[in-house]
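Reading the structure
The chain contents come next:
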Amino acid sequence: MIFNQAKINAFRLWGLLLTMLGMGLMVLGTAGIVFWGHAGKVFAAIGLVIGLISMMGSLGIYFWAGMLSTSALQLECPECHKLTKMLGKTDRCMFCRTILTLDPNQANTTPEELHAQQGQGAQATPHHH
Ligand SMILES: [Zn+2]
């Protein structure tokens, strides 16, 4: 489900997950002091450091997603007719997850064919018809 999202939505999702992870670690670290006393301080320190790094990372992802979304191409989705944003040449609609593309070579490809291409794992396989 995570990989079926529009790219901007996926970035936001990962940012949110990292924030939750960071906050969880910081709470656990603080709880470590309460439950284990002196011995818990080591865990607390590790938890706080990792939590802080994770939260800073998620902030970076959020910032990056914000930058990307300002430069993203805005267009009306041909399927659900909502205004969506796409990144790169191929992306999914943010609302109905239809695959959208700017590449004329792939414009007439059915979702099944596109899936088969991606399934081969090659990033830039030249395809001939
Ligand atoms: Zn749509």
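Model, not experiment: these values are computed from the prediction.

The next subject is helix α2 (residues 40-71). With 32 residues, α2 extends 46 Å between its outermost C-alpha atoms, agreeing within 8% with the 46 Å of an ideal straight helix rising 1.5 Å per residue. All of the buried residues in α2 are Gly 40, Ala 44, Gly 47, Gly 51, Ser 54, Ser 58, Ile 61, Ala 65 and Ser 69. Where α2 is buried, its residues meet α1 (7-36) and β2 (83-86).

Once that is clear, we can look at the coordination of the zinc ion. For the zinc ion, the protein coordination sphere consists of Cys 77 (SG), Cys 80 (SG), Cys 93 (SG) and Cys 96 (SG), at 2.3 Å. Coordination at the zinc ion is tetrahedral, judged from the four donor atoms that bind it and the angles of 105 to 114° they form at the metal. All donor residues of the zinc ion come from one chain, and their arrangement in sequence is C-x2-C-x12-C-x2-C. One end of the pair, Cys 77, is in the loop between β1 (73-76) and β2; the other, Cys 96, is in the loop between β3 (90-92) and β4 (99-101), with 19 residues separating them in the sequence. Overall, Cys 96 belongs to the partly exposed group, its relative accessible area being 34%.

Another aspect to go through is the environment of Met 20. Secondary-structure assignment places Met 20 in helix α1. On the basis of relative accessible area, Met 20 is assigned to the exposed category, the value being 55%. Along the chain, Met 20 and Ser 58 lie 38 residues apart, while their C-alpha atoms are 9.3 Å from each other.

Mapped onto this structure's residue numbering, the UniProt feature "transmembrane region" (unreviewed entry) falls at residues 12-36 and 42-65. The span residues 12-36 is 100% helical and 0% strand by assignment, and the distance between its end C-alpha atoms comes to 35 Å.

A regular strand carries its side chains on alternate faces of the sheet. With four bridges connecting them, β1 and β2 associate as antiparallel partners. When the bridges of β2 are listed, Glu 76 appears paired with Leu 83. Hairpin remark: β1 followed by β2, antiparallel, with six residues in the connecting loop; positive phi at His 81, about 60°.

Before going further, it helps to examine the packing of α1 against α2. Remark: α1 packs on α2, axes separated minimally by 7 Å, with the N-to-C direction vectors making an angle of 165°. Comparing their axes, α2 and α1 come out roughly antiparallel. The two elements α1 and α2 cross, and the hand of that crossing is left-handed. When its residues are assigned to classes, the contact of α1 with α2 shows 21 nonpolar, 13 polar and two charged.

On the surface, a nonpolar cluster with roughly 910 Å² of combined accessible area is contributed by Ile 33, Val 34, Phe 35, Trp 36, Val 42, Phe 43, Ile 46 and Ile 50. Listed by contribution, the elements that provide at least two residues to the nonpolar patch are α1 and α2. When you line up the elements, Phe 35 lands in helix α1. Given a relative accessible area of 67%, Phe 35 falls into the exposed group.

Definitions and cut-offs
- Residues numbered from 1 in each chain as written.
- Predicted model: local features only at pLDDT ≥ 70, side-chain atom pairs only at ≥ 80, totals over all residues.
- Heavy atoms only, no water.
- Helix = DSSP H or I, 4+ residues; strand = E, 2+ residues; numbered from the N terminus.
- Expected span 1.5 Å × (residues − 1).
- Buried < 20%, exposed > 50% of the residue type's maximum accessible area, 1.4 Å probe, protein only.
- Contact = heavy atoms within 4.5 Å.
- Donors = N, O, S within 2.8 Å, 3.2 Å for Na, K, Ca; no water.
- Tetrahedral: all angles 85-135°; square planar, octahedral: opposite > 155°, others 65-115°.
- UniProt positions renumbered as here; feature names shortened; annotations may be inferred.
- Pairing = 2+ DSSP bridges.
- Axes fitted to C-alpha atoms, helices over the stretch in contact; angles between N-to-C directions.
- Parallel < 35°, antiparallel > 145°, perpendicular 65-115°, else oblique.
- Left-handed = near helix turned anticlockwise from the far one by under 90°.
- Nonpolar A, V, L, I, M, F, W, Y, C, P; charged D, E, K, R; others polar.
- Patch = residues over 30% accessible without salt bridge, like charges linked within 9 Å, V, L, I, M, F, W, Y side chains within 5 Å.
- Areas by Shrake-Rupley, 256 points an atom, 1.4 Å probe, with all protein chains shown as cover.
- Salt bridge = Lys/Arg side-chain N within 4 Å of Asp/Glu carboxyl O.

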